Amino acid sequence: MTHEKDDPWRGEKKISLALQGGGSHGAFTWGVLDEILADGRLDIEAVTGTSAGAMNAVVLAQGLMEGGREGARRHLEDFWLSVSEESALSAPLRAIVDRYFKGWNMDGSPVQVWLDFVTHYASPYEFNPLNINPLRDHLLRMVDFEKVRACKYLKIFVAATDVNTGHIAIFERPHLTADHVLASACLPFVFQAVEIEGTPYWDGGYLGNPAIFPLFYKTACPDIVIVQVNPLQRDGTPRTAREIQNRLNEITFNGALLGELRAIDFVNRLVDSGKLSREDYMRPFMHRIDGEEPLKAFSSASRMSAAWPFLQQLRDIGKASAKAWLATNYDAIGERGTLDLRMAYQANGKPRHPSP
């Protein structure tokens, strides 16, 4: 996990990480990564990430190249601090950054009301014809992609949605640029599609948040830890337009993950029963560090804040969640999964059918 040849920081056990996107709630993932790095017992073979998860992944890689575990911790903190200090933009462009990092919730400020209006009644090709994207400047300022591409100690997979085919696209570390990460974070109502070699891409969360399947084919480590920031369950019926949009986004951006968990469970049962060979199929051990309950407790208004104290609070929740998970599940790594897959993709572990 470091640039040192003898790799003195290498952990006792190896995992791969799957990082969800979720705007400013990616600071929870920052906390998880910080605790794993500080704990020192785990070696991260690979990271698959979408949107904010992809940003955390490339910042992690650069930090590892520049200073091992401690360098990665410093770079992650610097990145999220820069999110809170992005003050050099004009008000409309600042609102665009806020819209991404803070999710779809909007307060009543005139600029945010304006952005809410134009993104519902005009496309980004109409209200932003010059394709000004402050996220690109932010990424290029904070991330040295040459160092990311050179980080041979960490495999990275970034997911985006191919607009033309409707298929998921996976970009790998040796080829990553800022455009690939921007494609993974491209909300189509806010930004023009990111074109790479003539192909337009949108946010990867529509088809993989995060995409787990690359870890089956490109890594040797069976232990996969999902860092989940989007609530699967939220009680109550959304009634306002914003509440409906927020919940729809959560459902949409969890849908692909639930599908993959269902497929993993199906294959695991076939492998365990001997119907599929362990030599031909990886039998993954699935784990999850889950921010659902603590993050679900935040009101819509609190989720709109990218203030530094709020991001630090999310980081601290992530650190505490990771520390608790390590205390409970560390011994299981390499031996068995700790995520009940059926409970994860089904209601209470069994299909929910309406009463006749």
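Visitor: Quick question: what am I supposed to make of the layout of surface pockets here?
Guide: One number sums up the size of the second largest pocket: a volume of about 300 Å³. Surrounding the second largest pocket, 14 residues form its lining, Phe216, Tyr217, Val267, Tyr281 and Met282 being those nearest its centre. When contributions to the lining of the second largest pocket are tallied by element, the ones reaching two or more residues are helix H9 (214-218) and helix H10 (241-272). The element that contributes the greatest number of residues to the lining of the second largest pocket is H10, accounting for five residues. A per-class count over the lining of the second largest pocket returns nine nonpolar, one polar and four charged.

Visitor: Got a minute to help me understand the nonpolar core in this structure?
Guide: For soluble globular proteins, nonpolar side chains are generally found buried alongside one another. Within the largest apolar cluster, 67 residues are counted, with the highest numbers of intra-cluster contacts made by Leu17, Leu60 and Leu154. Tallying contributions element by element places helix H2 (residues 52-84) first for this core, with 13 residues. Once residues within four sequence positions are removed from consideration, Leu60 is found in contact with Leu33, Leu37, Ile44, Val47, Ala72, Leu76 and Leu154. Core analysis: the second largest hydrophobic core is formed by 15 residues, Ala46, Leu257, Ile264 and Met286 among them.

Visitor: Which parts of the structure should I look at to understand the side chain of Gln228?
Guide: Its place among the elements puts Gln228 in strand S7 (residues 223-228). Assessed through its relative accessible area of 1%, Gln228 is described here as buried. Within polar-contact distance, the side chain of Gln228 engages the side chain of Arg288 at 3.2 Å. What Gln228 contacts, discounting residues up to four positions off in sequence, is Gln20, Phe28, Asn254, Leu257, Arg288, Ile289, Asp290, Gly291 and Glu292.

Visitor: Could you clarify how one ought to interpret the confidence of the model for the protein chain in this entry?
Guide: Low-confidence regions, as indicated by low pLDDT, have predicted coordinates that should not be scrutinised in detail. Per-chain confidence: the protein chain averages 83 in pLDDT, with 82% of residues scoring 70 or above. Note on residues 1-6: pLDDT is under 50 here. Beyond four places in sequence and across chains, it has 25 contacts. In the predicted structure, residues 99-112 sits below a pLDDT of 50 and forms 53 contacts with residues beyond four places in sequence or in another chain.

Visitor: Got a minute to help me understand the packing of H2 against helix H6 (residues 134-142) in this structure?
Guide: The relative placement of two packed helices is expressed as an angle between their axes plus a distance between the axes. It is the contact of H2 with H6, at a shortest axis distance of 10 Å, that shows an interaxial angle of 145°. As H2 packs across H6, the resulting crossing turns out to be right-handed. Contacts between H2 and H6 involve Met55, Gln62, Asp78, Phe79, Ser82 and Val83 on the former and, on the latter, His138, Leu139 and Met142. Class assignment of the residues belonging to the contact of H2 with H6 gives a composition of five nonpolar, three polar and one charged.

Visitor: Is there a simple way to explain the side chain of His180 in this structure?
Guide: Secondary-structure assignment places His180 in helix H8 (residues 178-184). The exposure class assigned to His180 is buried, which follows from its relative accessible area of 10%. One polar contact links the side chain of His180 to the main-chain carbonyl oxygen of His175, over a distance of 3.4 Å. Setting aside residues up to four positions removed in sequence, His180 forms contacts with Val158, Phe171, His175 and Ile196.

Reading the values: the criteria
Residues numbered from 1 in each chain as written. Predicted model: local features only at pLDDT ≥ 70, side-chain atom pairs only at ≥ 80, totals over all residues. Heavy atoms only, no water. 1 Å grid on protein atoms, 1.4 Å probe; cavity = no way out; pocket = protein on both sides within 12 Å on 5 of 7 lines; lining within 4 Å. Points joined across faces, edges and corners; volume = space filled by probe spheres on them. Helix = DSSP H or I, 4+ residues; strand = E, 2+ residues; numbered from the N terminus. Nonpolar A, V, L, I, M, F, W, Y, C, P; charged D, E, K, R; others polar. Core = buried A, V, L, I, M, F, W, Y, C linked by side-chain atoms within 4.5 Å. Buried < 20%, exposed > 50% of the residue type's maximum accessible area, 1.4 Å probe, protein only. Contact = heavy atoms within 4.5 Å. Polar contact = N/O pair within 3.5 Å; in protein donor to acceptor, adjacent residues only side chain to side chain. pLDDT = per-residue confidence, 0-100. Axes fitted to C-alpha atoms, helices over the stretch in contact; angles between N-to-C directions. Left-handed = near helix turned anticlockwise from the far one by under 90°.

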